[in-house]
Amino acid sequence: MTALDPRDADVAPATLPADAPAPDEPAAVDRTPGGDRADGFTEGVLGRTYRALSIGIVSVVLLIAFEATAVGTAMPVAARELHGVPLYAFAFSAYFTTSLFAMVFSGQWADRRGPLGPLAAGISAFATGLLLSGSATGMWMFIAGRAVQGLGGGLVIVALYVVVGRAYPERLRPAIMAAFAASWVIPSVVGPLASGTVTEHLGWRWVFNGIPVLIVFPLALALPAIRRRASGPADEAAGAQPFDRRRIRLALAISVGAGLLQYAGQELNWFAVLPGLAGAVLLVPAVRGLLPTGTARAVRGLPAVVLLRGVSAGSFIAAESFVPLMLVTQRGLSPTMAGLSLAAGGGTWALGSFIQSRPRMEAHRERLMFVGMLMVTVAILAAPSVLIHSVPAWTVAVAWAVGCFGMGMVIASTSVMMLKLSTPQEAGANSAALQISDGLSNVLLLAIGGAAFAALGGGAVGAVHETVAAGASAARPGAFAAVFLPMAAVALVGAWVATRVRAQRPA
């Protein structure tokens, strides 16, 4: 669910100049994220001013959500037919590593030229990557398509957050973030079932080649609205600034470093030590250069918000990745039933995001995030209880619905806070930092969890999907506990970080 933090009472919302026209007047473009009309009239995200933009960008998120759920279902079959099961994990890591680079580049592009360019280029690259994978004759061509798709995904997700920061007043941002979360509900239920049916009766290529057709609608609706309300550089008086080449080099370093670490975590042999060390050497200075100063120390304000995004997403996704395998190998569920045990999470995630969007919750956002992280911790701790056969298997479904509810409150709130703590000129860079924290934490905690799983007899991470497909039960219960318990500890740390997201008021 994934590839984007601020907000605090210390930061005053931007307001329109006194002589500026109201946002819904067609005479001029309002690019200032700010106030409502002088007569007190307020609009929602589906009001006349924002309707086309809201439907368009939510449609983009819906497309990404459907792709994530549908392609994930078809990918094991694709890897088998392309004789590439040993390379299966690289189909995921290729997407991740290229998206990390694209996130930073998109932030630079959006801050200097506006979000329209990276959004259009990203959707086009996303579609091109799907078509390349769908027409692949070998696994490496398939992986190359996933890499192109990752470039598109990284460009799109950061550009979307810049659009939200520029085009919507502060009071509407929680609502549009809730709409983003709600966009995952239907795909999380329909996507796997539809993809499985298409894969079984028509073939996996129809899944990859069919999704690009859905791109026409969001492009036609969103791009004109973005051009009217959020195009051009953030500071038009200063004009377009040159790209920061140092940050782009750091983005390349973080992308390559993350890929090397993921490879080393998968291989678990002495030959993997060298690429693992090389990945760390690239990664550490790149992370320090791309994330806000003080992120690792959870300094109050934006650094803590960025860290919370990574801690919450990484711990939850790393644990979730092993839930279906645990249900199949330890409780004998079919892969379909194991996958559906997580389906309710899409609805509760959207519900949590909706609750944080309510105006009366604004004063309690820090507490919502703290409670949300406690719910995530409880869910991760409760899931491996099904390793005890007297515990009903549906316990996981209940636990994960609770965890997703907490994640809905936390993830949407980190996005809202990032935008509040960012000036218009910083929205792209800070959105990229938020997404880098999210994605990098995913890969590092997955690598750690996968290494612990393999070391205790769970098997190599790269072979996980073969085990699921075969219905094998070779994995030992202790191997699953070695994944879930550390991730619960990380989530508990996230609850502490949530108490530091509000910047200190100046003395």
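Higher on the page you've got the structure.
Residues numbered from 1 in each chain as written. Predicted model: local features only at pLDDT ≥ 70, side-chain atom pairs only at ≥ 80, totals over all residues. Heavy atoms only, no water.

A few points about the nonpolar core
Heads up, the rule is: Nonpolar cores were defined as sets of buried Ala, Val, Leu, Ile, Met, Phe, Trp, Tyr and Cys residues, with membership established by side-chain atoms within 4.5 Å. Throughout this description, buried means an accessible area under 20% of the type-specific maximum (1.4 Å probe, protein chains only), exposed means over 50%, and partly exposed covers the range between. Labels follow the DSSP assignment, with helices taken as runs of H or I lasting at least four residues and strands as runs of E lasting at least two, numbered in each case from the N terminus. Two residues qualify as a contact provided that any one of their heavy atoms is within 4.5 Å of a heavy atom in the partner residue.
With 127 residues, the main nonpolar core has Ile 57, Phe 142, Tyr 168, Ile 254, Ile 380, Trp 400 and Phe 484 as its most contacted residues. Top contributing element to this core by residue count: helix α1 (residues 51-81), with 14 residues. Filtering out sequence-adjacent residues up to four positions away, Ile 380 remains in contact with Ser 315, Phe 316, Ala 319, Trp 400, Phe 484, Met 487, Ala 488 and Ala 491.

Here's the deal with helix α4 (residues 139-167)
Along an α-helix, residues three or four positions apart point the same way, because every turn accommodates 3.6 residues. Which entries qualify depends on this criterion: By this rule, a helix spans an expected 1.5 Å times one less than how many residues it contains.
The end-to-end C-alpha distance of α4, which contains 29 residues, comes to 41 Å, matching closely the 42 Å that a straight helix rising 1.5 Å per residue would cover. Of all 29 residues in α4, 24 are buried, a share of seventy percent or more.

Some words on the packing of α4 against helix α16 (residues 394-420)
Stated precisely, the cut-off is as follows: Fitting a line to C-alpha atoms yields each axis, with helices limited to the stretch in contact; the angle taken between N-to-C directions then spans 0 to 180 degrees. Convention used here: angles under 35 degrees read as roughly parallel, angles over 145 as roughly antiparallel, angles from 65 to 115 as roughly perpendicular, and any remaining angle as oblique. Should the near helix be turned anticlockwise from the far one by less than a right angle, the crossing is termed left-handed; should it be turned clockwise, right-handed. Following the grouping adopted for this structure description, the nonpolar residues are Ala, Val, Leu, Ile, Met, Phe, Trp, Tyr, Cys and Pro, the charged ones are Asp, Glu, Lys and Arg, and the polar ones are all others, Gly among them.
Where α4 contacts α16, the two axes come as close as 10 Å, and the packing angle between them is 60°. In terms of orientation, α4 and α16 fall into the oblique class. When you trace α4 past α16, the crossing you get is right-handed. Residue-level contacts link Tyr 161, Val 164 and Gly 165 of α4 to Ser 415, Met 418 and Leu 419 of α16. Per-class residue counts for the contact of α4 with α16 are four nonpolar, two polar and no charged.

Remarks on the pattern of salt bridges
Test applied: By definition, a salt bridge exists where a carboxyl oxygen of Asp or Glu is found within 4 Å of a side-chain nitrogen of Lys or Arg.
In total, this model carries four salt bridges according to the counting rule given. Asp 438 serves as the salt-bridge partner of Arg 309, at 3.1 Å between the closest nitrogen and oxygen. Of this pair, Arg 309 sits in helix α11 (residues 302-320) while Asp 438 is found in helix α17 (residues 427-458), placing the two residues 129 residues apart along the sequence. We classify Arg 309 as buried; its relative accessible area is 3%.

Quick notes on unusual backbone geometry
Residues other than glycine seldom take positive phi values, yet Ala 298 does so here, at roughly 55°. Within the fold, Ala 298 resides in the loop between α10 (273-290) and α11. We classify Ala 298 as buried; its relative accessible area is 1%.

Points about a nonpolar patch on the surface
For clarity, the threshold we go by: The patches reported here contain residues having more than 30% relative accessible area and no salt bridge. Joining distances are 9 Å for like charges and 5 Å for nonpolar side chains (Val, Leu, Ile, Met, Phe, Trp, Tyr). Computed with the Shrake-Rupley method and a 1.4 Å probe, the accessible areas treat only the protein chains shown as cover for residues.
On the surface, Ile 186, Val 189, Val 190 and Leu 193 cluster together into a nonpolar patch covering about 330 Å² of accessible area. Accessibility expressed as a relative area gives 42% for Leu 193, which makes it partly exposed.

Description of the environment of Gly 196
Position of Gly 196 among the secondary structure elements: in helix α6 (residues 185-201). Classification of Gly 196 by relative accessible area gives partly exposed; the value is 26%. Counting along the chain gives 122 residues from Gly 196 to Ala 74, while the straight-line C-alpha distance between them is 6.7 Å.

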